[in-house]
Number of protein chains: 2
Amino acid sequence: MPGTDTSYVVLSGGVGGAKLVLGLRDRLKGSQLQVIANTGDDFEHIGLPISPDIDTLIYTLAGLANQATGWGLKDESWGCMAQLEKLGGETWFRLGDQDVATHLQRRELLANGCSLSDATATLARALGVDTAIWPMSDQKVRTVIHTIDGPLDFQEYFVRLQAQPVATGFDYTGHSAARTSPGALQALQAESLAAIILTPSNPWLSIDPILSINDIKNAITACGKPVVAVSPIVGGKAIKGPTAKLMQETGSEVSALGIAKHYGDILDGLVIDNQDIAHRDAIEAMGIKVKTANTIMLTQQDKSALADVVLSFAAELSGGNLP
Amino acid sequence: MPGTDTSYVVLSGGVGGAKLVLGLRDRLKGSQLQVIANTGDDFEHIGLPISPDIDTLIYTLAGLANQATGWGLKDESWGCMAQLEKLGGETWFRLGDQDVATHLQRRELLANGCSLSDATATLARALGVDTAIWPMSDQKVRTVIHTIDGPLDFQEYFVRLQAQPVATGFDYTGHSAARTSPGALQALQAESLAAIILTPSNPWLSIDPILSINDIKNAITACGKPVVAVSPIVGGKAIKGPTAKLMQETGSEVSALGIAKHYGDILDGLVIDNQDIAHRDAIEAMGIKVKTANTIMLTQQDKSALADVVLSFAAELSGGNLP
């Protein structure tokens, strides 16, 4: 196991990513873990600034996430939504009463001049989270899904239309001008950095938006540390969400190999599921090392075990030269 | 009783005013009643546009008001406030979960270009209210309480400091430039108008802000219809809130006579409580007619009975020349 002075940068979207982050947090001190969160899904809704992936990460690390739904808080009440419905308001994006407080407080912090990074840190700290969660950017970068029906904003596509429209491509509006958040950059440039971990979040919708920020991509390349991903495709299917559907629609092979091809050069290692061992050789032929493991994280034990695999794989890839 | 074609304009603040409005609604059709609401207490709080008196009127007329607290909705839940407290947010102004929805939807309507009048009408209609509630102005007019500790915004004074500071005077910032809302003006200029009713709300904090709008004062004078008030002082005490304390601090006699002196010329009639009959002659000597009644509205019956007194008094004052 790695020493307690090494640090890890984890690129994460929501649910799937947060599971691995929770496993890593179980194996590392809070201060060893720096999460860079996708903010491409962020949007303003009924006047509230909503950062779905940041919130899923905070709620998950705080032990407050609703595991049944995969979003929001457990033990929620729904008085606000019920009343909003009576008032003719928009209710397609479900916000629990406690969740509304998160967004109200985030807006208050932003209105008082906080960056999204500062606001995130304040909210996370208030809920007892001791792991740094950095927005990929404090500026606005928004994921657009191009579909055969035209371009759609992420939440429009994902929540309102339930990922039904056929996708043809993706854009991360604003990414080329956006700088990453200072905390994220610092984490990627830290001497203590041992590896960069890409969680099994959706590559197109959760990880690519993060990598679309030039600062982040450049810092990852410059740091020379191993980059390890966990494949979100298991046995030709996505664990959750529209990953497989999107891969198919946009012409990728729906397999661990397809994931390896998508990430390509940036990866040093890919953790694939035990049942995908047949893809190992083809992936390694691309110059990407492969580790097989159980990647389906149902229990806390699963999460921690996968974290162990990722951390020892990273140590192996660094040739034992951990900081 | 008046005919069903006559209309009444009622000037009202929150709780005390809403009680009489409810009584009047019991005796009149919804369309006969036009309420002009104080918006001097309005403020923006954690990014939400809050209109306390408008909301109390809507909630009361919708049968949804929390009678125990005198503000907010009955059967509320408090998940949002509880979470906001955990997050270090501001919780001195208590907003129930359903109440938050009202403010979110109001903001959404305002952000989409609605006037406060339009937003109020939309919210009221959604909750089944068939009585028009007009903001005294669609523009920002804010009540400032001058105290020996300096000037205070209304909610600062009333909620946060619980009306403790000693008041020295009042300002209605923005009133001289503000126009009244088109609906309020139309109501005051209607041919069907039978009388103008000043509810037993706090004269300084609820009624004077309305009268500080020149359009309203001028329209009341111009229409020549009887103006009838109900005294909020009973037996030298205010039914509720800081009215008596404010009267004392600012040098008024705490009595029905003090109320008559404060309103002065604008009044044609004043309904005082049975127990204040000793003040009748002094008030009538000022040229203001007096009617005595039970003005303490505990039950719906009390409210409707007081409404009857006010309506027949108005008819009497108009010399039988109701429209």
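Coordinates for the structure precede this section.
Source: prediction; values computed, not measured.

Caption draft 1: Representation of the sheet that holds strand 9 (residues 193-198) of chain A within the structure. Residues and elements named next belong to chain A. On the basis of which strands lie adjacent, the open sheet formed by seven strands has the order 5-2-1-9-10-13-14 and parallel pairing. Of all strands in the sheet, those bounded by a partner on one side alone are strand 5 (132-135) and strand 14 (289-293). Between one strand axis and the next, the sheet turns by 25° as a mean value, whatever way the strands run.

Caption draft 2: Main features of the packing of helix 1 (residues 15-27) of chain A against helix 2 (residues 52-61) of chain A. Residue and element names in this part refer to chain A. Following both chains from N to C, one finds helix 1 and helix 2 inclined at 35°, their axes separated by 9 Å at the closest point. Relative to helix 2, the crossing made by helix 1 is right-handed. Packed against helix 1, whose contacting residues are Val15, Ala18, Val21, Leu22 and Arg25, the element helix 2 presents Thr56, Leu57, Thr60 and Leu61 at the interface. Looking at the contact of helix 1 with helix 2 residue by residue, the classes come out as six nonpolar, two polar and one charged.

Caption draft 3: Just unusual backbone geometry, in detail. Residue and element names in this part refer to chain B. Positive phi is not limited to glycine here, since Asp75 has a value of about 55°. Tracing the sequence through the fold places Asp75 in the loop between helix 2 (52-61) and helix 3 (79-86). In this structure, Gln162 takes a positive phi of about 50° despite not being glycine. Within the secondary structure layout, Gln162 lies in the loop between helix 6 (154-160) and strand 8 (167-173). On the neighbour-count criterion, Gln162 (9 C-beta atoms within 10 Å) is exposed.

Caption draft 4: Local environment of the environment of Thr39(B). All names here are of chain B. By the secondary structure assignment, Thr39 is in the loop between strand 2 (33-37) and strand 3 (43-45). Taking the number of C-beta atoms within 10 Å as the measure of exposure, Thr39 has 28 and is therefore buried. Spatially, the C-alpha atoms of Thr39 and Pro135 are 6.2 Å apart, while their sequence positions differ by 96 residues. When residues no more than four places from it in sequence are discounted, the contact partners of Thr39 are Ser51, Asp53, Ile54, Pro135, Met136, Ser137 and Val141.

Caption draft 5: Inspection of the relation of the copies chain A and chain B at higher detail. When chain A is brought onto chain B, the operation consists of a screw motion whose angular component is 180° and whose axial shift is 0.0 Å, with 0.0 Å RMSD remaining. On this basis, the relationship between the two copies can be described by a two-fold rotation axis. Of the C-alpha atoms belonging to chain A, the one lying closest to the rotation axis is found on Asp97(A), 3.0 Å away. Both copies contact each other with a shared surface, as 100% of the interface residues of chain A are interface residues in chain B too.

Caption draft 6: Layout of the sheet that holds strand 7 (residues 150-153) of chain A. Residues and elements named next belong to chain A. Strand order in the open sheet formed by three strands is 7-6-8, and the pairing between neighbours is antiparallel. Edge positions in the sheet fall to strand 7 and strand 8 (167-173), since each has one partner strand and no second. Each strand axis lies, on average, 25° off the axis of its neighbour in the sheet, ignoring direction. With four bridges joining them, strand 6 (residues 142-147) and strand 7 adopt antiparallel strand pairing.

Caption draft 7: Here's a closer look at the pairing of strand 10 (residues 227-230) of chain A. All names here are of chain A. Side chains Val227 and Ala229 of strand 10 all project onto a buried face; the interleaved residues Val228 and Val230 project onto the opposite face, where all are buried too. Where strand 9 and strand 10 come together, three bridges link them in parallel fashion. Along strand 10, the bridge assignment pairs Ile196 with Val227. Both strand 10 and strand 13 (residues 269-273) contribute to a ladder of three bridges, which runs parallel. Bridging from a neighbouring strand, Val228 pairs with Gly269 of strand 13.

Caption draft 8: Structural detail: helix 1 of chain A. Residue and element names in this part refer to chain A. The terminal C-alpha atoms of helix 1 lie 19 Å apart, and with 13 residues this matches the ideal 18 Å at 1.5 Å per residue to within 8%. Listed as buried for helix 1 are Val15, Gly16, Gly17, Ala18, Lys19, Leu20, Val21, Leu22, Gly23, Leu24 and Arg25. Buried residues along helix 1 sit against strand 1 (7-12), strand 2 (33-37), helix 2, helix 8 (203-211), strand 10 and helix 13 (300-317).

Caption draft 9: Examining the interface of chain A and chain B more closely. With 25 residues of chain A at the contact, the number on the chain B side is 25 residues. If you list the elements that add at least two residues to the side of chain A that touches chain B, you get helix 3 (79-86), helix 4 (97-111) and helix 5 (116-126) of chain A. Take the side of chain A that touches chain B: its biggest share by element is 10 residues, from helix 4 of chain A. Its residues assigned to classes, the side of chain A that touches chain B comprises 11 nonpolar, nine polar and five charged.

Caption draft 10: Representation of the nonpolar core. Formed by 189 residues in total, the largest nonpolar core has its most connected members in Leu270(A) and Leu270(B). Residues in contact with Leu270(A), not counting those within four places in the same chain, are Ala229(A), Ser231(A), Ala256(A), Ile259(A), Ala260(A), Ile283(A), Ile288(A) and Val290(A).

Caption draft 11: Just helix 11 (residues 256-263) of chain B, in detail. Residue and element names in this part refer to chain B. Ala256, Leu257, Gly258, Ile259 and Ala260 are the residues of helix 11 that are buried. The secondary structure elements touched by the buried residues of helix 11 are helix 8 (203-211), strand 11 (233-234), helix 10 (243-249), strand 13 (269-273) and helix 12 (280-284). Gly264 sits one or two positions beyond helix 11 and adopts a positive phi of about 60°.

Caption draft 12: Quick look at the environment of Leu193(B). Residues and elements named next belong to chain B. Mapped onto the elements of the fold, Leu193 is located in strand 9 (residues 193-198). What makes Leu193 buried here is the crowd of 20 C-beta atoms within 10 Å. Beyond its immediate sequence surroundings of up to four residues, Leu193 is in contact with Ser7, Val9, Leu188, Cys223, Lys225 and Pro323.

Caption draft 13: Spatial organisation of the packing of helix 4 of chain A against helix 5 of chain A. Residues and elements named next belong to chain A. Packing of helix 4 against helix 5 leaves a shortest axis separation of 9 Å and a crossing angle of 135°. Taken together, the axis directions place helix 4 and helix 5 in an arrangement best described as oblique. Every pair of crossing elements has a handedness; the one defined by helix 4 and helix 5 is right-handed. Taken together, the residues of helix 5 that come into contact with helix 4 (itself represented by Thr102, Gln105, Arg106, Leu109 and Leu110) are Asp118, Ala119, Thr122 and Leu123.

Caption draft 14: Structural view of the environment of Ile197(A). Residue and element names in this part refer to chain A. On the secondary structure map, Ile197 appears in strand 9. For Ile197, a count of 28 C-beta atoms within 10 Å corresponds to the buried category. Put simply, Ile197 and Gly23 are 174 residues apart on the chain and 12 Å apart in space, counted from C-alpha to C-alpha. Look past the residues within four positions of Ile197 in its chain and what remains in contact with it is Tyr8, Val10, Val228 and Val310.

About the cut-offs
Residues numbered from 1 in each chain as written. Chains lettered and ligands numbered in written order. Predicted model: local features only at pLDDT ≥ 70, side-chain atom pairs only at ≥ 80, totals over all residues. Pairing = 2+ DSSP bridges. Helix = DSSP H or I, 4+ residues; strand = E, 2+ residues; numbered from the N terminus. Axes fitted to C-alpha atoms, helices over the stretch in contact; angles between N-to-C directions. Left-handed = near helix turned anticlockwise from the far one by under 90°. Contact = placed C-beta atoms within 7 Å. Nonpolar A, V, L, I, M, F, W, Y, C, P; charged D, E, K, R; others polar. Buried ≥ 20, exposed ≤ 12 C-beta atoms within 10 Å, placed from the backbone. Least-squares fit on C-alpha atoms with pLDDT ≥ 70 in both. Expected span 1.5 Å × (residues − 1). Core = buried A, V, L, I, M, F, W, Y, C linked by C-beta atoms within 7 Å. Parallel < 35°, antiparallel > 145°, perpendicular 65-115°, else oblique.

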